[in-house]
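One-letter residues, chain by chain:
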Amino acid sequence: MARVRLSVAERREELLRAAIEQIEARGVAAVRIADVASALGVSNALVLYHFSTKEKLVAAAFAYAAEDDLAHLRKLLGRRTSAWRRLRAAVRWYAPTGQAKGWRLWIEGWAVALREPALRDVAKQLDQQWKAAIAEVITEGVAAGEFRCPDPAATALRLTALLDGLAVQLTSYPGALSRARAQEWVDEALAREVGLEHQEGGGVAHGREIPSRVRHLWPVAA
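What you see is a predicted model, and the numbers here were worked out from it, not measured in a lab. (Residues numbered from 1 in each chain as written. Predicted model: local features only at pLDDT ≥ 70, side-chain atom pairs only at ≥ 80, totals over all residues. Heavy atoms only, no water.)

**Some remarks on the overall build of the protein chain**
When you go through the protein chain residue by residue, the secondary structure sums to 9 helices and 2 strands. Secondary structure elements of the protein chain occur, N-terminal to C-terminal, as α-α-α-α-α-α-α-α-α-β-β. Scored against the burial criterion, the 222 residues of the protein chain give a buried share of 46%. (Helix = DSSP H or I, 4+ residues; strand = E, 2+ residues; numbered from the N terminus. Buried < 20%, exposed > 50% of the residue type's maximum accessible area, 1.4 Å probe, protein only.)

**As for the side chain of D164**
Checked against the element boundaries, D164 lands in helix α8 (residues 152-172). At 3.1 Å, the side chain of D164 and the side chain of Y94 are in polar contact. When near neighbours in sequence (up to four residues on either side) are disregarded, D164 contacts Y94, W103 and W110. (Polar contact = N/O pair within 3.5 Å; in protein donor to acceptor, adjacent residues only side chain to side chain. Contact = heavy atoms within 4.5 Å.)

**Some thoughts on the environment of D69**
Within the element layout of this structure, D69 appears in helix α4 (residues 54-77). Under the relative-accessibility criterion, D69 is labelled buried at 13%. D69 sits 24 residues away from W93 along the chain, and the two C-alpha atoms are 9.7 Å apart.

**Observations regarding the packing of aromatic side chains**
Per the stated rule, a full pass over the model turns up 2 aromatic pairs. A connected cluster of aromatic rings, assembled from ring pairs, spans W93, Y94 and W130. (Phe/Tyr/Trp six-rings, centres within 6.5 Å; stacked < 30°, edge-to-face > 60°.)

**Describing α8**
An ideal rise of 1.5 Å per residue puts 30 Å on 21 residues; α8 measures up with 30 Å between its terminal C-alpha atoms. Of the residues making up α8, those classed as buried are P152, T155, A156, L159, T160, L163, D164, L166, A167, L170 and T171. Down the axis of α8, the sector holding all buried residues measures 165°, keeping them to one side. Against the buried residues of α8 lie α5 (83-94), α6 (103-113), α7 (117-143) and α9 (179-193). (Expected span 1.5 Å × (residues − 1). Arc of directions from axis to C-beta.)

**Points about the packing of α4 against α7**
Interaxial distance between α4 and α7 falls to 9 Å at its minimum, and their mutual angle equals 5°. In terms of their interaxial angle, α4 and α7 are classed as roughly parallel. For the pair formed by α4 and α7, the contact residues are V58, A59, F62, A63, A66, E67, L70, L73, R74 and L77 on the first element and A118, L119, V122, L126, Q129, W130, A133, I134 and V137 on the second. Partitioned by chemical class, the residues of the contact of α4 with α7 number 16 nonpolar, 1 polar and 2 charged. (Axes fitted to C-alpha atoms, helices over the stretch in contact; angles between N-to-C directions. Parallel < 35°, antiparallel > 145°, perpendicular 65-115°, else oblique. Nonpolar A, V, L, I, M, F, W, Y, C, P; charged D, E, K, R; others polar.)

**Side note on the nonpolar core**
In terms of nonpolar packing, the biggest core is built from 65 residues, with I23, L57, F62, L73, L87, I134 and F147 touching the most fellow members. Among the secondary structure elements, those contributing two or more residues to this core are α1 (8-26), α2 (33-40), α4, α5, α6, α7, α8 and α9. Tallying contributions element by element places α4 first for this core, with 12 residues. For I23, the contacting residues outside a window of four places in its chain are V28, V31, V58, A61, F62 and L105. (Core = buried A, V, L, I, M, F, W, Y, C linked by side-chain atoms within 4.5 Å.)

**Considering the pattern of salt bridges**
Here the structure, examined in full by the defined rule, presents 9 salt bridges. One salt bridge connects R11 with E14, and the closest N-O pair in it is separated by 2.6 Å. Here the residue R11 and the residue E14 both occupy positions in helix α1, the gap between them amounting to 3 residues, near one helical turn. Note on accessibility: R11 and E14 belong to one class, buried. E140 serves as the salt-bridge partner of R86, at 2.9 Å between the closest nitrogen and oxygen. (Salt bridge = Lys/Arg side-chain N within 4 Å of Asp/Glu carboxyl O.)

This is the structure:
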């Protein structure tokens, strides 16, 4: 059966999806242009027409994989609800116990980025976008009186560093840490970073909902 003729944009998207699948299956270092071409039944020349080198294909594939997640992140953070609910939803979704991008793909990418400037630049830009989005909602929470956080940018960096580190533990060392314990640590860190307090008689401080598992971390307000 003849292949359907695709537009340039459609073809690039098809190649990027195939590249992501091959990277996840073979690893960044081992994947070849030929693997991507073979998966789609096209020639190596066609892949190279759209992406002149393997390095450019890999960098574009990582950017493509992250853009959907960034779009979903912005959707979660753009909801018409409290800053706490938006922040919690975003962090839980992004966490390695959530439903965000394949962490194995990103751990592979971080390793290769040490030696590949093109991929390093892409990864850095995407990381900065993520941190900026988290810092923005924290800033909104501070302005609304929901959070006590003197440096939202530093908080965003610490939170994402924790999530990245837990992802390595859960992905690279199966059994080293349970998903339930990882989620507990994420919830505790999140509440601590934005200065949530437990008030006597319930789990709400200044109108904020406090996760039940972290209520014990803060003293009763005077």
